[in-house]
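Inside the fold
One-letter residues, chain by chain:
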Amino acid sequence: MSGWIRETPVKGRGGPFELTPEGITANTEGRLRLEARWDQVFGVALMPTDAPKTAFVLVPRQPPRPPWIEVGPDELPDDIPDLQTLEARIRARVEQSGYRDRGLQRPMLPSDQLMQKVLAREDVPGALEVPVGAGPGGWWRRGVDVLAAGSAGGLLGLYGGALSGSALIAVAIAGAGAAVGAALPMAFARNWRSVSRRSKRPRVLVLAPDGCVVGLPTGPESFTWSEIGGFEQAGDGSTRRLEVRRRGGEVAGSIDAAWFGAPLELITAVAQAYLGRHRR
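Residues numbered from 1 in each chain as written. Predicted model: local features only at pLDDT ≥ 70, side-chain atom pairs only at ≥ 80, totals over all residues. Heavy atoms only, no water.

1. Things to note about helix 2 (residues 111–119)
Heads up, the condition is: Here the term buried applies to any residue with accessible area under 20% of the maximum for its type, exposed to any over 50%, and partly exposed to those in between, with areas from a 1.4 Å probe on protein chains only. Only DSSP runs of H or I with at least four residues qualify as helices, and only runs of E with at least two residues qualify as strands; both kinds are numbered from the N terminus onward. Each C-beta atom gives one direction from the helix axis, and the arc is the one those directions make.
Buried residues of helix 2: Leu114, Met115 and Val118, and no others. Looking straight down helix 2, one finds that the buried residues subtend no more than 100° of arc, so they occupy a single side. Phi turns positive one or two residues past the end of helix 2, at Arg121, with a value near 60°.

Pasting the structure below:
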């Protein structure tokens, strides 16, 4: 069992978004039919929070697809009048179904092995990976990608940057890594098309059945779910960030909101929902 929901190609629009006794079915992007059992649904978030226009149903989709299904007011089933009612029904049903009732069918990974898999860009079945943004300053991460393309040392440098909260540290580590394995001119000579063809993707926050790996200013760190107290939004304007708090309430570290390719409110909702499902 992969741990990810079932997604099958369809012709045309296919069926609508539906809540069934077994779970959720939906069409997305007009080409895929999604099926998620209730034990695979982590929760639901309405965005924006002050005047909701979209419901994000949180499910483990195979990366690089985002870990949610988007549902607008025009896609609601006939018996659900609005997004708030949809949210209430999903939350009530999710409360009745534990994630491990039928979920994970493999041994749990120790924290060090989970970290190794994430840094090696290996798939972690059942994991949720949030979309990656450009990072602080935007163009800095593109510079990290180009540098990291130069060598295996540069590849490690990419993770020193993409999983860190500092763009300056990202470039410094990536540059040093590339210099170890190849000349910098060669790294820069790689055109953007060759970089974009890399089959593996950068990661900034990985939520897995075994635990989570987050990028902290001191470097990537792996946590078991028993160590995590919660995920919270903090700061405002250019200082907005996701804070990771330990069980005692202290801040273990934070990730700049610019590293996320989706609104910080949504990322926080995803992380909190995943945490809640693993505490049952």
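2. Notes on the sheet that holds strand 6 (residues 54–58)
Spelled out, the test is: Strand pairing requires that DSSP identify at least two bridges connecting the strands. As a rule, the C-alpha atoms of each element are fitted with a line to give its axis, helices using only the stretch in contact, and angles between N-to-C directions run from 0 to 180 degrees. Contacts were defined at the residue level, with two residues in contact if any of their heavy atoms lie within 4.5 Å.
Strand order across the open sheet formed by three strands is 5-6-7, with antiparallel pairing between neighbours. What marks the edges here is a single partner per strand, and that holds for strand 5 (43–47) and strand 7 (68–71). On average, each strand axis in the sheet is inclined to that of its neighbour by 25°, with strand direction left out of account. Two elements, strand 6 and strand 7, share four bridges in a ladder whose sense is antiparallel. In the sheet register, Val57 faces strand 7, and the bridge partner there is Ile69. Packed on one face of the sheet, helix 1 (residues 83–95) meets strand 5, strand 6 and strand 7 and runs near 160° to strand 5.

3. Remarks on the environment of Val270
Relative to the assigned elements, Val270 resides in helix 8 (residues 264–278). The class for Val270 is buried, based on a relative accessible area of 1%. In the structure, Val270 is positioned 214 residues away from Phe56 in sequence and 9.2 Å away in space, judged by C-alpha atoms. Contacts of Val270, omitting those with residues within four sequence positions, involve Leu58, Trp68, Leu128 and Leu207.

4. Observations regarding the confidence of the model for the protein
Atomic detail in the predicted coordinates should be set aside for any region of low pLDDT. This is how the line gets drawn: Values of pLDDT, which run from 0 to 100, indicate the predictor's confidence residue by residue.
Per-residue pLDDT for the protein has a mean of 76; in total, 69% of the residues score no lower than 70. When pLDDT is averaged over each element of the protein, strand 12 (residues 228–234) comes out on top at 95 and helix 6 (residues 184–189) at the bottom at 32. Scored below 50 in pLDDT, residues 144–162 shows 61 contacts in the model against residues more than four places distant or in partner chains. Confidence over residues 164–199 falls short of pLDDT 50; this stretch has 59 contacts with residues more than four positions distant or in other chains.

5. Some words on the pairing of strand 12
In regular strands, side chains alternate between the two faces of the sheet. As paired elements, strand 12 and strand 13 (residues 241–246) share six bridges and run antiparallel to each other. Counterpart to Ile228 in the pairing with strand 13 is Arg246. In this structure, the hairpin formed by strand 12 and strand 13 is closed by a connection of six residues, where Gly235 is found at a positive phi of approximately 75°.

6. Section: the pattern of salt bridges
For clarity, the cut-off: Take a side-chain nitrogen of Lys or Arg and a carboxyl oxygen of Asp or Glu: if they are within 4 Å of each other, that pair is a salt bridge.
A complete count under the given rule lists 14 salt bridges for this structure. A salt bridge links Arg33 to Glu18; its shortest N-O distance comes to 4.0 Å. Residue Arg33 is found in strand 4 (residues 32–37), and its partner Glu18 is found in strand 2 (residues 18–19); the two are separated by 15 residues along the sequence. Assessed through its relative accessible area of 33%, Glu18 is described here as partly exposed. The residue Asp79 makes a salt bridge to Arg89 at a minimum N-O spacing of 3.1 Å. You can see Asp79 sitting in the loop between strand 7 and helix 1 and its partner Arg89 sitting in helix 1, a full 10 residues away along the chain. Here the salt bridges share partners, and the residues they tie into one network are Glu232, Arg241, Glu243 and Arg245.

7. Here's the deal with the sheet that holds strand 1 (residues 6–9)
Strand order in the open sheet formed by four strands is 1-4-3-2, and the pairing between neighbours is antiparallel. In the strand order of this sheet, the two ends are held by strand 1 and strand 2, each with one partner. Relative to strand 4, strand 3 (residues 23–28) runs antiparallel, the two being bridged by six bridges. Among the inter-strand pairings, Thr28 is bridged to a residue of strand 4, identified as Leu32.

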